[in-house]
Amino acid sequence: MDRARQQRALVLLPICLALALALTALGSSHWCEGTQRVSKPLCQDHAGGPHCIHVSRGSGDGGKDNESQAVQYIWETGDDKFVDRRFHAGLWQSCEESLSSAGEKCKSFQSVIPAEEQGVLWLSIGAEVLNILLMLTSAILLGSRVSSHSSESHWFKVDASVAILMVLAGLLGMVAHMMYTTIFQITVNLGPEDWRPQTWDYGWSYCLAWSSFALCMAVSVTAVSRYTAARLEFSEKQRGQTGSWHSQHNASEPEASDNVWETEVAASLAGRTLVNFSEHLPPGAPVKVSMC
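Nothing here was measured: the structure is a model prediction, and the numbers come from that model. (Residues numbered from 1 in each chain as written. Predicted model: local features only at pLDDT ≥ 70, side-chain atom pairs only at ≥ 80, totals over all residues. Heavy atoms only, no water.)

A. Representation of the overall build of the protein within the structure. Looking only at helices and strands, one finds four helices and seven strands in the protein. Shown N-terminal to C-terminal, the secondary structure of the protein runs as helices and strands in the order α-β-β-β-β-β-β-α-α-β-α. In the protein, which comprises 292 residues, the proportion classed as buried is 30%. Within the protein, contacts between residues separated by at least 24 positions form 69% of all contacts whose residues are at least 6 apart in sequence. For the protein, the accessible surface area stands at approximately 18300 Å², while carbon and sulfur atoms represent 59% of it. (Helix = DSSP H or I, 4+ residues; strand = E, 2+ residues; numbered from the N terminus. Buried < 20%, exposed > 50% of the residue type's maximum accessible area, 1.4 Å probe, protein only. Contact = heavy atoms within 4.5 Å. Areas by Shrake-Rupley, 256 points an atom, 1.4 Å probe, with all protein chains shown as cover.)

B. Main features of the sheet that holds strand β5 (residues 93–97). One open sheet accounts for five strands, arranged β6-β5-β4-β1-β7; its pairing is antiparallel. The sheet is open, and its two edges are formed by β6 (104–108) and β7 (199–202), each paired on a single side. Looking at each pair of strands side by side, their axes are set apart by 25° on average, direction ignored. Where strand β4 (residues 82–89) meets β5, three bridges bridge the pair, whose relative direction is antiparallel. By the bridge assignment, F87 is partnered in β5 with E96. In the packing of helix α3 (residues 156–190) onto the sheet, the strands contacted are β1 (32–39), β4 and β7, and the crossing angle to β7 comes to about 175°. (Pairing = 2+ DSSP bridges. Axes fitted to C-alpha atoms, helices over the stretch in contact; angles between N-to-C directions.)

C. Region of interest: the pattern of salt bridges. Scanning all chains against the criterion turns up two salt bridges. Across the pair R196 and E193 runs a salt bridge, and its minimum N-O distance is 3.3 Å. Relative accessible area serves as the criterion here: at 62%, E193 is assigned to the exposed category. (Salt bridge = Lys/Arg side-chain N within 4 Å of Asp/Glu carboxyl O.)

D. Highlighting the environment of T24. Here T24 lies in helix α1 (residues 3–27). Considering only alpha carbons, one finds T24 and S205, 181 residues apart in sequence, at a separation of 7.4 Å. Those residues within four positions of T24 in sequence are excluded, and the remaining contacts are W204 and L208. In this structure the side chain of T24 is engaged in a polar contact, spanning 2.8 Å, whose partner is the backbone oxygen of A20. (Polar contact = N/O pair within 3.5 Å; in protein donor to acceptor, adjacent residues only side chain to side chain.)

E. Focus on the environment of C207. Topologically, C207 is positioned in helix α4 (residues 204–279). Sequence separation between C207 and W31 is 176 residues; the distance between their C-alpha atoms is 7.9 Å.

F. The arrangement of the state of the cysteines in detail. Scanning the entire structure with this criterion turns up one disulfide. Note on cysteine connectivity: C95 is disulfide-linked to C106, with sulfurs 2.0 Å apart. A torsion of 110° about the S-S bond marks the disulfide between C95 and C106 as right-handed. In this pair, C95 is assigned in strand β5 and C106 in strand β6, connecting sequence segments 11 residues apart. (Disulfide = S-S within 2.5 Å.)

G. Spotlight on the packing of aromatic side chains. In the structure shown here, the tally under the stated rule is 13 aromatic pairs. Their ring planes at 70° and their centres at 6.0 Å tell us that W31 and Y206 sit as a pair that is edge-to-face. In this pair, W31 is assigned in the loop between α1 and β1 and Y206 in helix α4, connecting sequence segments 175 residues apart. The rings of W31, F87, F109, Y180, F184, W195, W200, Y202, Y206, W210 and F213 are connected pair by pair, giving a single aromatic cluster. (Phe/Tyr/Trp six-rings, centres within 6.5 Å; stacked < 30°, edge-to-face > 60°.)

H. Structural context of the side chain of S28. On the secondary structure map, S28 appears in the loop between α1 and β1. Classification of S28 as buried rests on a relative accessible area of 10%. Within the local environment of S28, its side chain forms a polar contact with the backbone oxygen of A25, the two atoms lying 3.2 Å apart. There is a polar contact of 2.4 Å between the side chain of S28 and the side chain of S205. Discounting residues that sit within four places of it in the chain, S28 has contacts with G90, L91, W204 and S205.

I. How the structure looks around a nonpolar patch on the surface. On the surface, V129, L130, L133, L136 and I140 cluster together into a nonpolar patch covering about 420 Å² of accessible area. Relative to the helices and strands, L136 resides in helix α2 (residues 118–147). (Patch = residues over 30% accessible without salt bridge, like charges linked within 9 Å, V, L, I, M, F, W, Y side chains within 5 Å.)

Just geometry here; none of it tells us what the structure is for.
This is the structure in structure tokens:
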């Protein structure tokens with residue numbers, strides 16, 4: 001593999017990495033994560049736990065329990081009645097920690113956001129998908145450029161196309177990330193009461209999405225600079241070939257002029273010799289001329 005193809009392969013690696021990061025971020029649900037303050041549920045057994053409300057029952061007349069007249073005493077007051085549970089949300093779903101059992105409970109993120117923001121969420125998802133398609137197209141084009149042995153002039157359009165596609169992919173990704181951030185912040189303020197987070201921050205999926213954007217812009221800048229340098233080099237090469245052809249053509253023209261001049265001089269001398277010879281012949285003498 002020559003140096004030029006090695007450089008193209010090095011440009012292909014960041015595109016594949018950006019594509020992998022974008023796919024991982026799109027399919028995960030850790031764009032935002034934090035804690036939610038919710039009321040503790042009632043303990044289902046006597047042992048209970050720290051995440052439920054313990055209930056004590058009073059006794060009826062005669063020291064016998066009367067279920068119909070039982071009185072429940074809840075000792076938790078103030079902040080003791082609430083518990084913080086962890087949650088994380090993405091483009092597709094929102095998951096919360098289950099207090100009654102191990103694991104998580106997940107639901108569609110679309111069911112959490114306000115109704116007037118549904119269209120913006122789908123625009124964000126569409127921009128993310130289009131961003132991935134543009135990066136995939138760029139990877140295919142650049143991969144074909146690395147594996148092919150066509151002439152340099154044929155691949156200038158491919159380099160330019162890769163640069164344009166990566167710029168568009170980066171811009172679409174940036175718009176999609178900003179739209180999702182806006183939607184999540186609106187949902188924090190206007191979403192359901194039992195879902196609104198107490199504290200929240202951006203998760204690792206959000207970081208992966210912006211890392212993919214940074215790689216897209218870096219690859220686009222690199223592709224533009226490589227295309228400009230290759231175009232200038234190709235123009236200089238063509239200019240050099242044109243100059244060498246003109247120099248060879250100008251060198252052949254004097255040789256042709258010399259040959260023509262020698263032919264004309266020889267013909268002129270032959271005519272003069274014939275005229276001088278004919279002057280010394282007697283009048284009426286036949287003259288034979290042989291031309292070779």
